[in-house]
Each structure stands twice: as structure tokens, then as C-alpha cells.
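Spelled out from the first residue to the last, the chains are:
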Amino acid sequence: MNVARTHKRPGARKVRLPGPPLQLLKTPTGIAGLDEITGGGLPAGRPTLVCGAAGCGKSLLATEFLVRGAIQYGEPGVLMTFEENAVDIEKNVASLGFNIPRLIAQKKIVIDHVVIDRSEIEENGEYDLEGLFIRLGHAIDRIGARRVALDTIETLFSGLTNQTILRTELRRLFGWLKQRGLTAVITGERGGGQLTRQGLEEYVSDCVVLLDHRVDGEVSTRRLRVVKYRGSTHGTNEYPFLIDETGISVLPLTGSHLNYQVSNQRISTGIRGLDAMLGGKGYFRGSTVLLSGTAGTGKTSVAAQLVAAACRRGERCLFFSFEESPAQILRNMRSINLHLENHVRQNLLRFHSARPTTLGLEMHLVRIHKLVDEYRPSTVVIDPVSNLQNAGNLADSYNMLVRLIDYLRKKNITALMISLTTGDQRLESTNEGMSSIVDTWLLLRDIETHGERNRAIYVLKSRGMAHSNQVREFIITSRGIKLVPAYLGAAGVLTGSARLVQEATDRAATRRDEEERERRQLAFAHRRRAVEAQIQSIRAGFEAEAEEFAHTMAGTDLHRQDAERNRLAMEKSRQAINGTTKMRRE
Amino acid sequence: MKINHRGHRRINTARADQPKTTGRRADKWILRLYVAGQTPKSLAAFANLRQLCESRLAGRYIIEIVDLTKAPQLAQNDQIVALPTLVRKIPAPIKRIIGDLSNVERVTLAMDMDPAPGKK
């Protein structure tokens, strides 16, 4: 009977029926983040329902799915629109950099605008929606489409009155799409306590994606949730997403695991003294550094030193500033002899300034992710993270920071987060409670003594390296930042001019000591000379005596020899030499 | 009824011996009936339409039948969604009726046809 329903047109694409698939085949959407949440994309060859309230981005998602399919995956697509006409759609996505007219000319996209004007249509007797099937089928066959978007098919319900026919036909339509192996996105308006006003979820049950646009504390955030994905695991959370000049970006937040690689490489902090405090080598690459301190302790300057050091190595840096404009930072850093504008010109440094309250926390996070992905920096500075709280509550901002840190660590990006501590707060704590998740924590503080305020820096913790336990005084000069050991002595820890005075006193005392020593040395030398002179004179007297003695001894000897000679001569003259005497003499 | 393979058939019933102006508004009616093959609904719609035209517009109507299974590209032009669809091309304004036209009275009302000659 139903000739039209079973007819086969020449050129109709054969349904590809692969053998029993081990896993559900998926069609990548090309939408950043969405494929990650769904584990590869939407179910291939099946319809997916995208629902949400007005203005939540359903149509854009559907259009982007088609356009990216056509451009990135070589899968032509048909957009059947029930609300906007083709020209409007072209304009809408032209702002996202998609050239629809060209895609149409290349036979990669077909847009069919279906108009149902109730005032023009009279219903009389039995009918079906075969006309819609034929239009869709014709469009699909013209370009060999693999993807279909129906936006928003529920409009049929306002154009036609016979609900029974509509429901039967919709069920048949989705079955037909599935049978032809088309991956389809069907949008539906949310309402009436159901996912869609007309209960489309009854018919499209393979995959349901819910979009939401909530305003929380005057800040709106778009969120996406995969309500259902038959035959596949998927992220079940609500994921914030962003619509900007490159389309939709979904942020898979809790998808990160603690299994990233770590680097043993060390990078300079840009401040020699600080490097010395951190085992002589600086931070670990890819580590997270928290820099906290009260107002005016030079947090941004310390951060700028790191940035400048990285840029000098030819690495890229991304500076998120939630308080100052880039121009302001550049000007201020010039005063400490850091010419960051050169690095900006070399495209090694990029600033992103925004007021925290302009966007929700998630949006900030999405934006940071997006910029990091785009720019691929080696170092990221967030100045300050404490301000982000203004865009949400404490728990939210903590979660956001954990996600951000995980993400940056995974990418092996060194992150420097600045946290402003207010006066009435314990110094060694942060509002965000993030102290336990950072690798290195530097504390900047001011020490107020002798009518002046001086800055001091110390390393509160630094995982995986021998680090100094010293408090160093930290001086910002027009030539840069210098760390000097604070005076540690009997008078306690002294900084600033007190340290200078104490150091001068110490120097004077040292000088006095040295003079005293020299004097004593001199006196001793005199004494030595006197003693030596005495020794000299005594020795001279003694030598005279010795000579006298030797002389005397020599005189005695001569006398004895003379006596002997005389005796011998006497013996000879007496001729009284006997044998024994003779023998002995020989 | 036979529908040719080009998907387009004109049934011209206008005859030279008929008076030119009997309608209130127009001399000649052009009605287009969109169908998808010879389904019971399309056959019924055609039969109902033919009967109606014969009784109300005898000799001054043209019925064009478009079979969308043969010429799917024609569906977009007239914004066809449901089938069968009857489109009144002339006289203006364009009017549409969807369904098998089983309620003859409502078709006459919707199409703004003259009352049946017998009732006048």
C-alpha cells in the first residue's frame, strides 16, 4: 500500500551494515571538547537530540556539527531548518568564520528552509509528511550527505494540528534516518517539565544532549550535559561551554586524572637571589607556584621577572590580568627595568585582561583553556587568582583552580598564581584554600619597623627541592629586583634602614677590631726585635768567651805536645829505649 | 488517473464553447496537486478534487499533478511538507490544502470556490 514509503530512488545511498561492531561507531563533531566528553563524538548513523531553552545555542551546535563535518571530516551535510532561512544562517555562522555559500557551491552543504504557515494551510482529511521525506531525501542524495541537522523540527507541531499524524510521522522519520545510516542532530525546545516541549526524547533515544543557559548571581553561564548516550560511556557532568568567534568550545572539566608526566628541568625565577633560595636553580618546569602576599609587596613584579626570564629564553608566556590593563603592567614594569613590550612585539608574551565579574568562573576557565590551547605558552601567570572569587563563590573558585592547575600541569606549563592576602587574614593561608595543591609557595610580606615598611620574601614550601629557610629582604630598585639577606643577629631580624644602620655599626666594630689587631701585631713585632737584639748581644758575649776558651784550650795542647817532645828527646838522648816501649810506639 | 513519468501532468478541461466569465474572481483556475506515487490518499485526493472541480468549475480549471517521487526537486519550491497537498496557484492569493480532500464543503470554503451551480 505505502508505495511512497518503500520506494527506492536511483542513487540512494546504500546503508552500510558492517559486521557486528564491537563498539559503537562515533562521528566526531569537531566541536572542541564535545568529542572528549562523548568519547569520540555522536553515535554514528543515529539521531541525536539536542535540546535546551531558547537562545542556548542549539541551532549553532547543529550548524557547527554540519559545517565542521563538511570541512574537517569530508562528510557533506544537509541542514533542514524550520525557523531561520538560509540567508540568516549564513550570516549567523559567517561571524564564526564559516563560509556557507562556498560550502554550498562546493556541494558540501545543502540548506533547505521549510516554511509552514498555519494561516496558509488548511487541513482536510488524511495526510502524511512524505513531502518532508522527499525533500530531505533529495537534498541528501544531491550531495551524498552523511550528516543531517533538523532545526527545530518541533515547529511542525505549531504548523500542523493533527498530533497523531505528526507523532507517527516523526517516529517514521527518525527510523528512516537511522535506516539510511545518517548521523543526525535534531534540536528541540525545552519546556513543560520535559526535555522537549513535544517529547521528542521518546523518539530519539540514542543520544540526548541538554544545553542550558543559567544566570547565577548576574553572571550567565552556558552548560552542556549529555543526558543519555546509549551504548557508550560518557561524561555525566554539566560542562560549561563558550560561544565565541570560533564557535562552541566545551570544557571537559573533571576529565583530568592525576597521571601526568613531570619534568625535572628547572627554570630560573628571573631573580638571582630567589633562584638561590630554591636550591640554586629556580622552579621546576611545569610546576605550580603560588605567590601570595599583602597589597603592595611586589607580587606582580616577581611574576614579571619570571615572564621576562622565560621570554629571554625564547619561550612563550601568557599573562592573565584581572586587575590591570596590559598597558598599565607594561608601564609599571618599565620602572623596574623590565621592558616587556619588546617581548610582546616578538610575540613571546601575550596579555589577556578582563574584569572577573564580566564572566562566570567557568567562562573564565574556558577562556583560559582556549587561549592556552591556542597560544601554547610555556609559562602562564594569573594575576590574581583571588579576584576570581568575585565571579563565583569560594567552593566554585577552588574547584576551578584545581581544574586549571591540573590542566596546566598536564600540559607541562609552569603556572604562577598570584593571590592577594588581605590584612586581617593569616598570612600563611589563602582565600582559595589552594595552598595544598601548589608545588611552590612563596610568601611576600612587609615588615614594619623603625617607621618604615620593608618587603621580605620567603619560601613557605617547595616540593622536591632543597630550599632556603631564610627570610630575605627583597628590594625593588629601578634596575630590577634584588634579594639581600636580612640582618639576623642579636638584635633580631632587621630590614631596611635598620639593617643598614646595624650593618654600619657592625662594620665599625669590625674595623675597630682590625685596628686593635694590627696594633698588637706591631707591638709584638717590636718586642720580637728587642728580644732578638738582646739575644744577639748575649750571643756576641758568649762567642767571645768561646773564643777565649778555645784559645786557652789550644795553648794547653801545645804545651802538652812540647812536654812530650821534650820527654822523647830526653829518652832518645838517654838511649834507654826498651823493646816494649819501641813496640808500643810503632 | 494516470500520472506520467515526468511527474507532471496537466489536465486541461477548459473548452472554447464555455462562457469565459462565470466565476466571481477569475476565468481560469490553476490547481496543483502534489502527490507521492499512487497511494490511496493521493488517489482519493485526486478523485475528490476532480469531482469538485467538475461540479464547481466545469470547463475552466486546470489540474496539474506533480508526483514528487519522480520530481523531488519540485517539493522545495512550493514548500511542500505534507502530502497530498493541493495548491491554488490562480487565482491569487496562493492557498494550500493538505489531506485527501474528503471534506468537500471545507475545500470549497478554503479555496473560495463558487457555490455549486445547483444551489444557486
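Residues numbered from 1 in each chain as written. Chains lettered and ligands numbered in written order. Predicted model: local features only at pLDDT ≥ 70, side-chain atom pairs only at ≥ 80, totals over all residues.

Engineer: Got a minute to help me understand the overall build of chain B in this structure?
Structural biologist: Within chain B, the regular secondary structure consists of 3 helices and 5 strands. Secondary structure elements of chain B, listed N to C terminal, follow the sequence β-β-α-β-α-β-β-α. Burial statistics for chain B: of 120 residues in total, 38% are counted as buried. Counting only contacts in chain B whose residues sit at least 6 apart along the sequence, the fraction spanning at least 24 positions is 74%. (Helix = DSSP H or I, 4+ residues; strand = E, 2+ residues; numbered from the N terminus. Buried ≥ 20, exposed ≤ 12 C-beta atoms within 10 Å, placed from the backbone. Contact = placed C-beta atoms within 7 Å.)

Engineer: Would you take a moment to explain the overall build of chain A for this structure?
Structural biologist: Along the backbone of chain A there are 16 helices and 25 strands. Long-range pairs, those at least 24 residues apart, make up 70% of the contacts in chain A with a sequence separation of at least 6.

Engineer: Explanation requested: unusual backbone geometry in the structure shown.
Structural biologist: In most cases, non-glycine residues show a negative phi, while peptide bonds are predominantly trans. Here A:D151 and A:T152 are connected by a cis peptide whose omega angle stands at -20°. Along the chain, A:T152 falls in the loop between β7 (147-151) and α7 (155-159). The omega angle of the peptide bond from B:L83 to B:P84 is -10°, so this bond is cis rather than trans. You can see B:P84 is positioned in the loop between α2 (74-77) and β4 (85-90).

Engineer: I keep staring at the sheet that holds strand β15 (residues 288-293) of chain A and nothing clicks. Help me out?
Structural biologist: The strands making up a sheet associate through hydrogen bonds between their backbones, and the pairing can be parallel or antiparallel. Residues and elements named next belong to chain A. With mixed pairing, the 9 strands of this open sheet are ordered in space as β17-β16-β18-β19-β15-β20-β21-β22-β23. The open sheet has two edge strands, β17 (349-353) and β23 (480-485), and neither has a second partner. Ignoring which end each strand starts from, the neighbouring axes of this sheet average 25° apart. In the packing of helix α10 (residues 299-312) onto the sheet, contacts are made with β15, β16 (317-321), β17, β18 (379-383), β19 (414-420), β20 (440-449), β22 (472-477) and β23, and the angle to β18 comes to roughly 165°. (Pairing = 2+ DSSP bridges. Axes fitted to C-alpha atoms, helices over the stretch in contact; angles between N-to-C directions.)

Engineer: What should I look at first to understand the nonpolar core in this one?
Structural biologist: Most often, soluble globular proteins have nonpolar side chains that are buried together. Grouped together as the largest cluster of nonpolar side chains are 163 residues, with contacts concentrated most on A:V250, A:L291, A:V307, B:L33 and B:L49. Counting residues per element, this core draws most heavily on α10(A), which supplies 8 residues. Each of two domains, domain 1 (28-118 + 126-250) and domain 2 (266-485) of chain A, supplies a minimum of three residues to this core. Residue contacts for A:V307: discarding those within four places in its chain leaves A:C317, A:F319, A:L340, A:L349, A:T379 and A:V381. (Core = buried A, V, L, I, M, F, W, Y, C linked by C-beta atoms within 7 Å. Domains from an automatic or database assignment.)

Engineer: What am I meant to see in the interface of chain B and chain A here?
Structural biologist: Interfaces are often sized by the accessible area lost when the parts come together. Taken together, the 32 residues of chain B in the interface contact 27 residues of chain A. Those elements that place two or more of their residues in the side of chain B that touches chain A are α1 (40-56), α2, β5 (95-98) and α3 (104-111) of chain B. For the side of chain B that touches chain A, the leading source of residues is β5(B), giving 4 residues. Partitioning the side of chain B that touches chain A into residue classes produces 16 nonpolar, 11 polar and 5 charged. Sheet analysis places strand β6 (residues 121-123) of chain A next to β5(B), joined by 3 bridges and oriented parallel. Following the sheet pairing, A:E123 is matched in β5(B) by B:I98. (Nonpolar A, V, L, I, M, F, W, Y, C, P; charged D, E, K, R; others polar.)

Engineer: Would you take a moment to explain helix α8 (residues 163-179) of chain A for this structure?
Structural biologist: Since one α-helical turn is 3.6 residues long, residues separated by three or four positions face the same way. Residue and element names in this part refer to chain A. Look at α8: 24 Å from first C-alpha to last across 17 residues, which is about the 24 Å you get at 1.5 Å a residue. By the burial criterion, the buried members of α8 are L166, E169, L170, L173, F174 and L177. Buried residues along α8 cover an arc of 140° about the axis, so they all sit on one side. Turned more than 90 degrees away from the buried face of α8 sit T164, G175 and Q179, all of them exposed. Buried-residue contacts for α8 involve β3 (47-52), α6 (130-143), β7, α7 and β8 (183-189). (Expected span 1.5 Å × (residues − 1). Arc of directions from axis to C-beta.)

Engineer: Please clarify how the packing of α1(B) against α3(B) should be interpreted in this entry.
Structural biologist: Residue and element names in this part refer to chain B. Following both chains from N to C, one finds α1 and α3 inclined at 65°, their axes separated by 11 Å at the closest point. Read as a crossing pair, α1 and α3 show a hand that is right-handed. Here N48, L52 and R56 of α1 lie close against α3, whose contacting residues are V104, V107 and T108. In terms of residue class, the contact of α1 with α3 is made up of 3 nonpolar, 2 polar and 1 charged. (Left-handed = near helix turned anticlockwise from the far one by under 90°.)

Engineer: For this particular structure, what's the right way to read the pairing of β5(B)?
Structural biologist: Residue and element names in this part refer to chain B. One ladder, built from 4 bridges, connects β4 with β5; its direction is antiparallel. Pairing of V87 across the sheet is with R96, part of β5. Between β4 and β5, which pair antiparallel in sequence order, lie 4 residues.

Scope: geometric values only; no functional claims are made or implied.
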